[in-house]
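Residue-level structural notes
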Amino acid sequence: MTTDVRLLAYSAILTWLMVLTASLIRAGGNVAVAFGNREDLPPPTPLAGRAERAARNMIENLVLFTAILMAAQMSGHGGHDRVVLGARLFFFARVVYFPTYLAGVQYVRTGLWAVAVVGMGLIASSML
């Protein structure tokens, strides 16, 4: 498995962890509530809202990252230096993005999102 594909798998795991974390925060840390139907939850706390938005943003970006990376793989560019660099930028920016978003740090969060987008751009540019 090439490094870029491994980073895609890690990104999928990261996404799952973000969704799980957001769910547990929203349930107030109560696993029984998290496993239930959650029909009677109170309004989300600010932290729960940030966790849900960060997880949703990761899902949206994972779709784009997957499509671009798979296009690079199918075009024969998978594993090339620029693709691997782009995948690393995406993954590590997203790793730092989540706690930054949870902490409510606005401009740094946006900068990290931009770094991940640059990573996707590097992957896409490798196919030009």
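Residues numbered from 1 in each chain as written. Predicted model: local features only at pLDDT ≥ 70, side-chain atom pairs only at ≥ 80, totals over all residues. Heavy atoms only, no water.

Tracing the sequence through the fold places Ser-23 in helix α1 (residues 3-26). Here Ser-23 falls in the buried class, since its relative accessible area comes to 17%. (Helix = DSSP H or I, 4+ residues; strand = E, 2+ residues; numbered from the N terminus. Buried < 20%, exposed > 50% of the residue type's maximum accessible area, 1.4 Å probe, protein only.)

For helix α5 (residues 106-125), with 20 residues, the first-to-last C-alpha span of 29 Å sits near the 28 Å given by 1.5 Å per residue. Buried within α5 are the following residues: Leu-112, Ala-116, Gly-119, Met-120 and Ile-123. Each buried residue of α5 sits inside an arc of 95° when the element is viewed along its axis, so together they form one side. In this fold, the buried residues of α5 make contact with α3 (46-74) and α4 (81-103). (Expected span 1.5 Å × (residues − 1). Arc of directions from axis to C-beta. Contact = heavy atoms within 4.5 Å.)

The next subject is the nonpolar core. In this structure, Met-18, Ala-54, Phe-65, Leu-69, Phe-90 and Ile-123 are the most contacted members of the largest nonpolar core, which totals 26 residues. Looking at this core, the elements with two or more residues in it are α1, α3, α4 and α5. Per-element tally for this core: the top contributor is α4, with 9 residues. (Core = buried A, V, L, I, M, F, W, Y, C linked by side-chain atoms within 4.5 Å.)

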